[in-house]
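# Notes for the structure review
Chain residues, written in single-letter form:
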Amino acid sequence: MIGLYAGLRREEILALQWDCVFMDTETPYISVRRAWHSEYNKPVIIDVLKTPAARRDIPIPKCLTECLRKEKEVSASKYVIADSNGDPLTKSQFQNLWNYVRVRSDKERSYYKYVNDQKIKYTVRPTEMGFQKNNPSIIYSINFRITPHILRHTYITNLIYAGVDPKTVQYLAGHENSKTTMDIYAKVKYNKPEELLGVVNSAFNQ
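Residues numbered from 1 in each chain as written. Predicted model: local features only at pLDDT ≥ 70, side-chain atom pairs only at ≥ 80, totals over all residues. Heavy atoms only, no water.

### Some remarks on the layout of surface pockets
- The calculated volume of the largest pocket comes to roughly 680 Å³.
- Taken together, 21 residues form the lining of the largest pocket, with Met-1, Ile-2, Ile-81, Trp-98 and Val-101 sitting closest to its centre.
- Every element with two or more residues in the lining of the largest pocket is listed here: helix 1 (2-6), helix 2 (10-15), helix 3 (62-74), helix 4 (91-102) and helix 5 (148-161).
- When its residues are assigned to classes, the lining of the largest pocket shows 18 nonpolar, one polar and two charged. (1 Å grid on protein atoms, 1.4 Å probe; cavity = no way out; pocket = protein on both sides within 12 Å on 5 of 7 lines; lining within 4 Å. Points joined across faces, edges and corners; volume = space filled by probe spheres on them. Helix = DSSP H or I, 4+ residues; strand = E, 2+ residues; numbered from the N terminus. Nonpolar A, V, L, I, M, F, W, Y, C, P; charged D, E, K, R; others polar.)

Below you can see the structure in the form of structure tokens.
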């Protein structure tokens, strides 16, 4: 939810603390002030962000505000995403957590097992809204390959589709270089021949 509706990077999400989540203001927002990284599978939280532009205040929509409010009511940690002890996640804990999300994608994927010292390849071909044979609680409800970066990219793409200007998108995404924003903007905004046909015809009919 934080990746999809606020566009934070993975290291920003895992470092996010409740003191930077403002839900009782006229405009609810998240303030990005910390970053997470892992050293020997131990979480390290720092105040130095990827770039100066990464330091930003992001207004958040109602759906995310309500989700965060519910989480805060039951949270005993100062971290929004925490382990059972209230500490920030280690790298392996995050990977295990993300696997809980990833396995719900309906995209084909392969994995390997060793059987009698032989490496055997298995391919999973899920059907949308079907369930895992060995674990019916896992429903294939996500119809795209999912990564934290894809959620962030989807956030940026949705802003562009909504007509948000490039400089605002750059700020909300925390892009230091406007070229990064414009490359995404151009790909999303202008990769539609059917919408550009009238513009091209008009230009060459003059």
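The structure having been displayed, the exposition proceeds.
### Concerning the side chain of Glu-12
- Turning to its location among the elements, Glu-12 is positioned in helix 2.
- A polar side-chain atom of Glu-12 sits 3.0 Å from a polar atom in the side chain of Arg-56.
- Once residues within four sequence positions are removed from consideration, Glu-12 is found in contact with Val-32, Arg-34, Ala-54 and Arg-56. (Polar contact = N/O pair within 3.5 Å; in protein donor to acceptor, adjacent residues only side chain to side chain. Contact = heavy atoms within 4.5 Å.)

### Some points on the environment of Thr-90
- Residue position: Thr-90 is located in the loop between helix 3 and helix 4.
- Between the C-alpha atoms of Thr-90 and Thr-51, which are 39 residues apart in sequence, the distance is 23 Å.
- Contact partners of Thr-90, with chain neighbours within four places excluded, come to Trp-36, Asn-41 and Pro-43.

### Focus on the nonpolar core
- With 29 residues, the main nonpolar core has Ile-2, Ala-6, Leu-8, Val-21, Ile-30 and Leu-68 as its most contacted residues.
- Those elements that provide at least two residues to this core are helix 1, strand 2 (29-32), helix 3, helix 5, helix 6 (166-173) and helix 7 (178-190).
- With four residues, the top contributor of residues to this core is helix 5.
- The residues contacting Ile-30, other than those within four sequence positions of it, are Ile-2, Ala-6, Leu-8, Leu-16, Cys-20, Val-21, Arg-56, Asp-57, Ile-58, Ile-60, Leu-64 and Leu-68. (Core = buried A, V, L, I, M, F, W, Y, C linked by side-chain atoms within 4.5 Å. Buried < 20%, exposed > 50% of the residue type's maximum accessible area, 1.4 Å probe, protein only.)

### Here's the deal with the pairing of strand 3 (residues 35-39)
- Note: strand 3 against strand 4 (residues 42-46), five bridges, orientation antiparallel. Across the sheet, residue Ser-38 finds its bridge partner in strand 4, namely Pro-43.
- Counting the residues in the hairpin turn of strand 3 and strand 4 gives two residues, including Tyr-40, whose phi is positive at 55°. (Pairing = 2+ DSSP bridges.)

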